[in-house]
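Here is how the chains run, residue by residue.
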Amino acid sequence: MSGDPAAAGGGIGPLLEVGRIDRPHGLRGEVVVRLTTDRLERLAVGAVLRSDAGDLVVAASRPHQDRWIVAFRDRATREAAESLRGLVLRAEALDDPGELWVHELVGAEVATTAGERVGTCVSVVANPASDLLELDTGALVPVVFVVGHEAGRVTVDPPEGLFDL
């Protein structure tokens with residue numbers, strides 16, 4: 001599943017939160033970015049990220065520990081980098097029909113392969129073994145049990161007893 005987590009309104013399509021700027025790095029306008037997506041093309045040279053400070057165009061990026069050092073076009077000073085501290089970075093959804101996207105799952109009705117409605121997805125919880133669909137009933141369903149999805153509906157093939165609370 002792609003890790004683009006939270007949908008936000010605006011733009012041509014939905015804007016997804018893909019990261020956050022933690023702090024400046026060095027004196028040349030670079031910043032430390034913590035990604036909230038597993039799609040590294042979000043930091044490719046030329047990628048456009050939306051923020052409350054306007055559009056930011058990636059000029060360079062490199063991994064740094066569990067984060068990224070990123071330089072944005074036209075932001076070449078420490079002061080310019082400081083002005084970006086704490087900004088949420090957003091981007092339009094990628095067109096990849098083979099992926100499950102959080103913004104498509106949240107709000108969707110969840111039903112078993114037998115057609116039994118088991119709840120509505122209220123969030124997707126990151127988990128090392130497998131991300132989890134959190135349902136309005138309180139149930140957690142590992143995404144490995146998702147066997148189909150279409151607009152507004154997710155089909156799961158859970159093991160027996162998963163929904164017995």
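In the block above lies the structure referred to throughout.
Asks: Explain the overall build of the protein to me, please; I cannot follow it from the model alone.
Replies: Along its length, the protein carries two helices and 13 strands. Put simply, 51% of the contacts in the protein that link residues at least 6 apart link residues at least 24 apart. Here the protein has roughly 8,700 Å² of accessible surface; of this, 51% comes from carbon and sulfur atoms.

Asks: Just checking my understanding: could you explain the pattern of salt bridges for this structure?
Replies: Where charged atoms from two side chains of opposite charge approach closely, those side chains can pair. Applying the stated rule across the entire model yields twelve salt bridges. For R50, the salt bridge goes to E92, with nearest N and O atoms at 4.0 Å. Pair noted here: R50 is in the loop between β4 (48–49) and β5 (56–64) and E92 is in strand β7 (residues 88–92), with a separation of 42 residues, a long-range link. Judged by its relative accessible area of 28%, R50 is partly exposed. For E92, a relative accessible area of 26% puts it in the partly exposed group. Between E109 and R117 there is a salt bridge; the shortest N-O distance is 3.5 Å. For E109, a relative accessible area of 27% translates into the label partly exposed. Salt bridges here are not isolated pairs; linked through shared partners, they connect D22, R34, D66 and R67.

Asks: Help me understand unusual backbone geometry, please; the structure alone is not making it clear to me.
Replies: In most cases, non-glycine residues show a negative phi, while peptide bonds are predominantly trans. Even without a glycine there, the phi angle at Q65 is positive, about 55°. Relative to the assigned elements, Q65 resides in the loop between β5 and β6 (67–72). The exposed category is assigned to Q65, whose relative accessible area is 67%. Located in the positive-phi region is D74, a residue other than glycine, with phi close to 65°. Among the structural elements, D74 can be located in the loop between β6 and α1 (78–82). Note on D74: relative accessible area 74%, which makes it exposed.

Asks: What is the right way to look at the sheet that holds strand β11 (residues 140–142) in this model?
Replies: Pairing between the strands of a sheet comes from backbone hydrogen bonds, and it takes one of two forms, parallel or antiparallel. If you trace the six strands from one edge of the open sheet to the other, you get β11-β10-β9-β8-β13-β12, paired in mixed fashion. Here the strands that pair on one side only, and so sit at the sheet edges, are β11 and β12 (146–150). Pairwise comparison of adjacent strand axes, ignoring direction, gives a mean angle of 35° for this sheet. Bridge analysis of strand β8 (residues 109–112) against strand β9 (residues 117–125) gives three bridges, and the strand direction is antiparallel. Residue V110 lies in a different strand from β9, and its bridge partner there is G119.

So, how was this worked out
- Positions within a chain are numbered from 1, following the residues in the order the chain's sequence is written.
- Local features are withheld for residues below a pLDDT of 70 in this predicted model, meaning they are given only at 70 or higher, and side-chain atom pairs are given and counted only at 80 or more; totals for whole chains, interfaces and linings count all residues.
- Here the side-chain values reflect all heavy atoms present in the structure, with hydrogen atoms and water set aside.
- Only DSSP runs of H or I covering at least 4 residues are called helices, and only runs of E covering at least 2 are called strands; the numbering of each starts at the N terminus.
- It only takes one pair of heavy atoms within 4.5 Å for two residues to be counted as in contact.
- In these tables, accessible area is a Shrake-Rupley quantity obtained with a 1.4 Å probe, and a residue counts as shielded only by the protein chains included in the view.
- Throughout this description, the term salt bridge denotes a Lys or Arg side-chain nitrogen within 4 Å of a carboxyl oxygen of Asp or Glu.
- The rule is simple: take the accessible area with a 1.4 Å probe, protein chains only, and divide by the maximum for that residue type; under 20% is buried, over 50% is exposed, in between is partly exposed.
- Pairing between strands is defined by DSSP: at least two bridges between the two strands are required.
- Angles here are taken between N-to-C directions and fall from 0 to 180 degrees, while the axes themselves are lines fitted to C-alpha atoms, restricted in helices to the stretch in contact.

Purely geometric numbers; function is a separate question.
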